[in-house]
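# Results of the structural survey
As a plain string of letters, each chain reads:
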Amino acid sequence: MTTSIKEHMEVIGADGIHVGTVDRVEGGRIKLTKKDSGEGSHKGHHHYISTALVAEVEGEKVRLSANSDVAVMFEEEASDDR
């Protein structure tokens, strides 16, 4: 299923709320674009969500198995932004 995840797809939680936008898939993680990086110390950094949270890919959206508020708790900040 992760092979159908493409750049610029919207990532949404199980509740339908926007979590981020796909930059690309790296290994077992979805790298989100910097514009979805949040505020404060998180601003301007890429974040990652595990592909294990992907429930389905439907059209231009990647739907996660967790609600948006839970999914962002699983985000990882990139240690070296390239």
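Look up a bit, the structure's there.
Residues numbered from 1 in each chain as written. Predicted model: local features only at pLDDT ≥ 70, side-chain atom pairs only at ≥ 80, totals over all residues. Heavy atoms only, no water.

## Things to note about the side chain of Ser68
Position of Ser68 relative to the elements: it lies in helix 1 (residues 68-71). Residues contacting Ser68, with those up to four places away along its chain left out, are Gly13, Asp15, Ile17 and Val19. (Helix = DSSP H or I, 4+ residues; strand = E, 2+ residues; numbered from the N terminus. Contact = heavy atoms within 4.5 Å.)

## Quick look at the environment of Val25
Within the secondary structure, Val25 is located in strand 2 (residues 18-26). In this structure Val25 touches Thr2, Ile5 and Thr51, once residues within four positions along its chain are discounted.

## What about unusual backbone geometry?
Peptide bonds are, in most cases, trans, and in most cases residues other than glycine have a negative phi. For His8, which is not glycine, the phi dihedral falls at a positive 75°. In this structure, His8 sits in the segment before strand 1 (10-12).

## Regarding the pattern of salt bridges
Scanning the model with the defined rule gives five salt bridges in all. Arg24 is the salt-bridge partner of Glu26, the closest N and O atoms lying 2.8 Å from each other. For Arg24, a relative accessible area of 37% puts it in the partly exposed group. Linked by salt bridges that have partners in common, Arg24, Glu26 and Lys31 make up one network. (Salt bridge = Lys/Arg side-chain N within 4 Å of Asp/Glu carboxyl O. Buried < 20%, exposed > 50% of the residue type's maximum accessible area, 1.4 Å probe, protein only.)

## Regarding the environment of Gly20
Looking at the element boundaries, Gly20 is found in strand 2. Judged by its relative accessible area of 0%, Gly20 is buried. Sequence separation between Gly20 and Ile49 is 29 residues; the distance between their C-alpha atoms is 9.5 Å.

## Quick word on the nonpolar core
Residues Ile5, Val11, Val22, Ile30, Val62 and Leu64 are the most contacted members of the largest nonpolar core, which totals 14 residues. Listed by contribution, the elements that provide at least two residues to this core are strand 2, strand 3 (29-32) and strand 6 (61-64). Apart from residues no more than four positions distant in its own chain, Ile30 is found in contact with Ile5, Val22, Arg24, His47, Tyr48, Ile49, Thr51, Val54 and Val62. (Core = buried A, V, L, I, M, F, W, Y, C linked by side-chain atoms within 4.5 Å.)

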